[in-house]
Amino acid sequence: MIRFIEDANEKRRISREILESLTEWFEVEASREQYIKESADQPFWASVDGDVTEGFLCLKETGRETMELAVMGVRKECHRKGVGRRLFAAAKDYASMKGYEFIQVKTVRSGMYEDYDITNEFYKSLGFKELEVFPEYWDEANPCQIYVMSLKSAVGTIATRHSYRGRFLQESVPEKDLMTIAKAGIDAPSGCNKQTTDVIIVNDPEILAKVKEQLDPPVAQTAPAMIVVLTQRINAYRDRCFAIQDYSAAIENMLLAIVELGYQSCWYEGHITDVDRICDKIAAVLNVPEGYEVVCILPVGKAEEDFHAPSKRPVSERVRFNSWT
Ligand SMILES: Cc1cc2nc3c(=O)[nH]c(=O)nc-3n(C[C@H](O)[C@H](O)[C@H](O)COP(=O)(O)O)c2cc1C
C-alpha cells in the first residue's frame, strides 16, 4: 500500500531505514544524511506491506513548472515487485494534480556501474527521456544523467482529472487561460455538427458574486472564475436531439483543459438543474436569451486543498475485449 507521509519525524525515520540498507547506491554518508534531512520537508510517499516499509520516494520543486524526483529507495529484497513503479505513480499523480509540467531525475550515466545501469533502465521504463549528461556535475567518476518526463499528455491529463470541491486560492485566472478552456469546449464534436453548446465565462467579481448567490446550498464559493455552459435543444436530424451529448463532450474537453493548465474544477450539473432550477436563476443573472438553457457550471481556479482520486470499479470489471465473456 502506498501512503502519503506528512509527519517529519516519520519521514526521517523511513528514509534513514531505507537508505542505510542501500549502501551500493547511497554510500557517501554526508550525502545520505543530506537526503534524510531534506526529506522531512518534501512530499513523501512510503510503500508499506504490513509491518514492513518496502521503500519511499520524495519530490522536490526545482522550478515553477518542474518537480524533481529527489530521492527514491526500495529495499533490495523488494526489488522487482512493482514497489518503485507504484511509488512513482503516486508521486506523478500528485505532481500532475498540482499543475507541474515536468518531472526530472538525476542519476549516474549508464555504462559506469552495474547498479546504476539498472537504475537507468528503471527510469526509462517509467517513461523518462534522456535530457542531457553533465560530466562534472558531481565528479568525473559519476557523470550526471538528467532525465525528464512531460506530465502533459491527453491520456495523462485524463488520468489525473478528478472532481475538486475544495477551496480555491484567491488568484485570478488570466483571460487567455479562460479563453483556451472555452475554446477546448467549443472544439468538441457535436451531432451533425449542430454546435448546440455555448459558454459564458464569468470572471467579473460582481457578476461572479451574483452567480454564487444563486448556489443554494453553496458550492464553489471561493472560485475566482466560472464557466457557465448553455445548450440549445435543437434536433440534429428528424426528431433526434443530441444536445446532451454535445454539451457533455464540450464539458469534458473543458475539464481536461482546466486540469492541463494547472487549475481544478467540478462538473456541477445535478446541483443546478434540480427541482429548484438554480440554472434558471443563473440564466436570469447572465441575461441568457430564450431558446438557451443553462445546464452546468464549471468553477475554475487553483486548488488550495489536497484532494484524491475517488475509488472507481477496476478496469478489469468494466473493460472487455471482443465479447462480454
Ligand atoms: C452529469 C453529471 C452531473 C454532475 N453533477 C454534479 C453536481 O451537481 N455536484 C457535484 O458535486 N458533482 C457533480 N458531478 C461530478 C460527479 O460527482 C463526479 O464526476 C463523480 O463523482 C466521479 O468523480 P471524478 O469526477 O473525480 O472522477 C457530476 C458529474 C456528471 C457527469
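Residues numbered from 1 in each chain as written. Predicted model: local features only at pLDDT ≥ 70, side-chain atom pairs only at ≥ 80, totals over all residues.

1. Side note on the overall build of the chain
And step 1. Assigned secondary structure in the chain consists of ten helices and ten strands.
And step 2. For the chain, the proportion of its 325 residues judged to be buried stands at 32%.
And step 3. Partitioning the contacts of the chain with sequence separation of at least 6, the portion at a separation of at least 24 is 69%. (Helix = DSSP H or I, 4+ residues; strand = E, 2+ residues; numbered from the N terminus. Buried ≥ 20, exposed ≤ 12 C-beta atoms within 10 Å, placed from the backbone. Contact = placed C-beta atoms within 7 Å.)

2. Looking at the site of the ligand
And step 1. Around the ligand, the neighbouring residues are H162, S163, R165, C266, W267, Y268, E269, G270, H271 and P310.
And step 2. Across the shell around the ligand, the residue classes break down as four nonpolar, four polar and two charged. (Near = placed C-beta within 6 Å. Nonpolar A, V, L, I, M, F, W, Y, C, P; charged D, E, K, R; others polar.)

3. With respect to the packing of helix α6 (residues 175-186) against helix α8 (residues 243-260)
And step 1. One can describe the packing of α6 onto α8 by two numbers: an axis separation of 7 Å at closest approach and a directional angle of 150 degrees. Between α6 and α8, the angle falls in the class roughly antiparallel. Seen from above, α6 lies across α8 with right-handed handedness. In contact with T180, I181, A184, G185 and I186 of α6, α8 contributes A250, I251, N253, M254, L256, A257 and I258.
And step 2. In terms of residue class, the contact of α6 with α8 is built from nine nonpolar, three polar and no charged. (Axes fitted to C-alpha atoms, helices over the stretch in contact; angles between N-to-C directions. Parallel < 35°, antiparallel > 145°, perpendicular 65-115°, else oblique. Left-handed = near helix turned anticlockwise from the far one by under 90°.)

4. Considering the sheet that holds strand β2 (residues 44-49)
And step 1. The strand order across the open sheet formed by seven strands is β1-β2-β3-β4-β5-β7-β6, and the pairing between neighbours is mixed. The strands lining the two open edges of the sheet, one partner per strand, are β1 (2-5) and β6 (129-139). Sheet twist, expressed as the mean angle between neighbouring strand axes with direction ignored, is 30 degrees.
And step 2. Taken together, the eight bridges between strand β3 (residues 52-63) and strand β4 (residues 66-74) define a ladder with antiparallel strand orientation. Looking across to β4, one finds that C58 is bridged to V71.
And step 3. Its contacts with the sheet put helix α3 (residues 83-97) on β1, β2, β3, β4 and β5 (102-108), and the angle it makes with β3 is roughly 35 degrees. (Pairing = 2+ DSSP bridges.)

5. Regarding helix α4 (residues 114-126)
Spacing of three or four residues puts side chains on the same side of an α-helix, whose turn is 3.6 residues.
And step 1. With 13 residues, α4 ought to run about 18 Å at 1.5 Å a step, and its terminal C-alpha atoms sit 19 Å apart, in line with that.
And step 2. Among the residues trailing α4, G127 stands out with phi positive, at a value near 110 degrees. (Expected span 1.5 Å × (residues − 1).)

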